[in-house]
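# An overview of the molecular structure
Each chain, written out:
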Amino acid sequence: MLERIFLSGAFVNFLLVILGSGLGLIFKKGIPERLKDILMQAMALCVIFIGVTGIIDEKAEILVIIISMAVGALLGELIDLDALVNRLALKIEKCISKGTGELKIADGFVAATLLFCVGAMTVVGSINSGILNDNTVLYSKGLIDCVAAIALTSSLGIGVMLSSVAVLFIEGVLTLLATFIQPVLTDVIISNMSVIGSLLIIAIALNMLKLTKIKVMNAVPAIFLPILLCRLF
């Protein structure tokens, strides 16, 4: 039990953010922008690899995936999950920054929490961890967060390190919730959910490379639609 906790994606992500923040404090004088760019591009290519390998699944049903992506994206756009999350983030930022003498710490904490916790990769990785006991996505996300934490901490300070607690809490809760729905999922449903999640991961990578501006958060509802569609078909 303890081994599973310490090797869980959420906990490893938590440790990697602390590691990256610590390195950022060491290189406090700043890291050249061109080095930050090439590191993030390299991480984006790795994310594409993760997504591409995840979409290869013989049990996945193309019709279910197409309908799930179409309906899920429409639902997400109508609700505008991306805008809701951003508005919530702005409220949190105002609450933390208001009346504090440590604006630098607050700025670093908020910026890093938004970067590390708000996004489809957090959701997909946590679902894979809870349902499949597969931490690959969260481990990979942790490495990307580690690189980003080095750059952020070098400019925004120790507040970035404090965001590691938010990472552990949010990913931990999502992983726990995923374990609760696992008993009602068949292998086919899980395969379809995993493929859709991998498609969203590829979209994240394209955004990281600045090739697209896809509102990936609005497509997150598509991940859960196979639970209904696979039973209907």
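Residues numbered from 1 in each chain as written. Predicted model: local features only at pLDDT ≥ 70, side-chain atom pairs only at ≥ 80, totals over all residues. Heavy atoms only, no water.

A word on the overall build of the chain. On a plain count of helices and strands, the chain comes out with eleven helices and zero strands. Each helix and strand of the chain, placed in order from N terminus to C terminus, yields the pattern α-α-α-α-α-α-α-α-α-α-α. The 233 residues of the chain split such that 45% are buried. As displayed, the chain offers around 12400 Å² of accessible surface, 73% of which is attributable to carbon and sulfur atoms. (Helix = DSSP H or I, 4+ residues; strand = E, 2+ residues; numbered from the N terminus. Buried < 20%, exposed > 50% of the residue type's maximum accessible area, 1.4 Å probe, protein only. Areas by Shrake-Rupley, 256 points an atom, 1.4 Å probe, with all protein chains shown as cover.)

For the coordinates displayed, the defined rule picks out three salt bridges. Bridged by salt links that share partners, the residues Lys141, Asp145 and Glu171 form one connected network. (Salt bridge = Lys/Arg side-chain N within 4 Å of Asp/Glu carboxyl O.)

Now for the packing of helix α2 (residues 9-26) against helix α9 (residues 159-181). Two quantities define a packed helix pair, namely the angle between the axes and the distance from one axis to the other. Between α2 and α9, the shortest axis-to-axis distance is 8 Å and the interhelical angle comes to 170°. Relative to α9, α2 is oriented roughly antiparallel. In contact with Gly9, Ala10, Phe11, Asn13, Phe14, Val17, Ile18, Ser21, Gly22 and Leu25 of α2, α9 contributes Val160, Met161, Ser163, Ser164, Val165, Val167, Leu168, Glu171 and Gly172. Grouping the constituent residues of the contact of α2 with α9 by class yields eleven nonpolar, seven polar and one charged. (Axes fitted to C-alpha atoms, helices over the stretch in contact; angles between N-to-C directions. Parallel < 35°, antiparallel > 145°, perpendicular 65-115°, else oblique. Contact = heavy atoms within 4.5 Å. Nonpolar A, V, L, I, M, F, W, Y, C, P; charged D, E, K, R; others polar.)

Right, let's talk about α2 for a bit. With 18 residues, α2 should reach 26 Å at 1.5 Å per residue; the first-to-last C-alpha distance of 26 Å fits that figure. Of the positions making up α2, those classed as buried are Gly9, Ala10, Phe11, Val12, Asn13, Phe14, Leu16, Val17, Gly20, Ser21 and Gly24. (Expected span 1.5 Å × (residues − 1).)

Now for the packing of helix α4 (residues 62-79) against helix α10 (residues 187-208). Direction vectors running N to C along α4 and α10 enclose 55°, while the axes themselves pass 10 Å from each other. Relative to α10, the element α4 is oriented oblique. When you trace α4 past α10, the crossing you get is right-handed. Residues Val64, Ile65, Ser68 and Met69 of α4 form the contact with α10, whose participating residues are Asn192, Val195, Ile196, Leu199 and Leu200. (Left-handed = near helix turned anticlockwise from the far one by under 90°.)

Take the packing of aromatic side chains next. Aromatic ring pairs are described here by two measures, namely the spacing of the ring centres and the angle between the planes. One pass over the structure, following the stated rule, counts one aromatic pair. When the centroid spacing of 5.8 Å and the interplanar angle of 35° are considered together, the rings of Phe11 and Phe14 count as tilted. One end of the pair is Phe11 and the other is Phe14, both in helix α2 and three residues apart, which spans about a single turn. Just as Phe11 is buried, Phe14 falls in that class too. (Phe/Tyr/Trp six-rings, centres within 6.5 Å; stacked < 30°, edge-to-face > 60°.)

Before going further, it helps to spend a moment on the nonpolar core. If you look at the biggest cluster of nonpolar residues, it comprises 34 residues, and the most contacted ones within it are Ile131, Met193 and Ile223. Among the secondary structure elements, those contributing two or more residues to this core are α3 (33-54), α4, α7 (120-132), α8 (136-156), α10 and α11 (226-232). The contact partners of Ile131, leaving out residues within four places of it in the chain, are Ala178, Ile181, Gln182, Leu185, Ile190 and Met193. One finds Val17, Ala148, Ala149 and Leu156 within the second-largest nonpolar core, a separate group that totals eleven residues. (Core = buried A, V, L, I, M, F, W, Y, C linked by side-chain atoms within 4.5 Å.)

Moving on, we get to α3. Taking 1.5 Å per residue, 22 residues should reach 32 Å; α3 reaches 32 Å between its end C-alpha atoms and fits that length. Listed as buried for α3 are Lys36, Met43, Ala44, Val47, Ile50, Gly51 and Gly54. In a view along the axis of α3, the buried residues occupy a sector of 115°, so they form one face of it. Residues Arg34, Leu45 and Phe49 are exposed on α3 and point more than 90 degrees away from its buried face. (Arc of directions from axis to C-beta.)

Secondary-structure assignment places Ala149 in helix α8. The contact partners of Ala149, leaving out residues within four places of it in the chain, are Val17, Gly20, Ser21, Phe116 and Val160.

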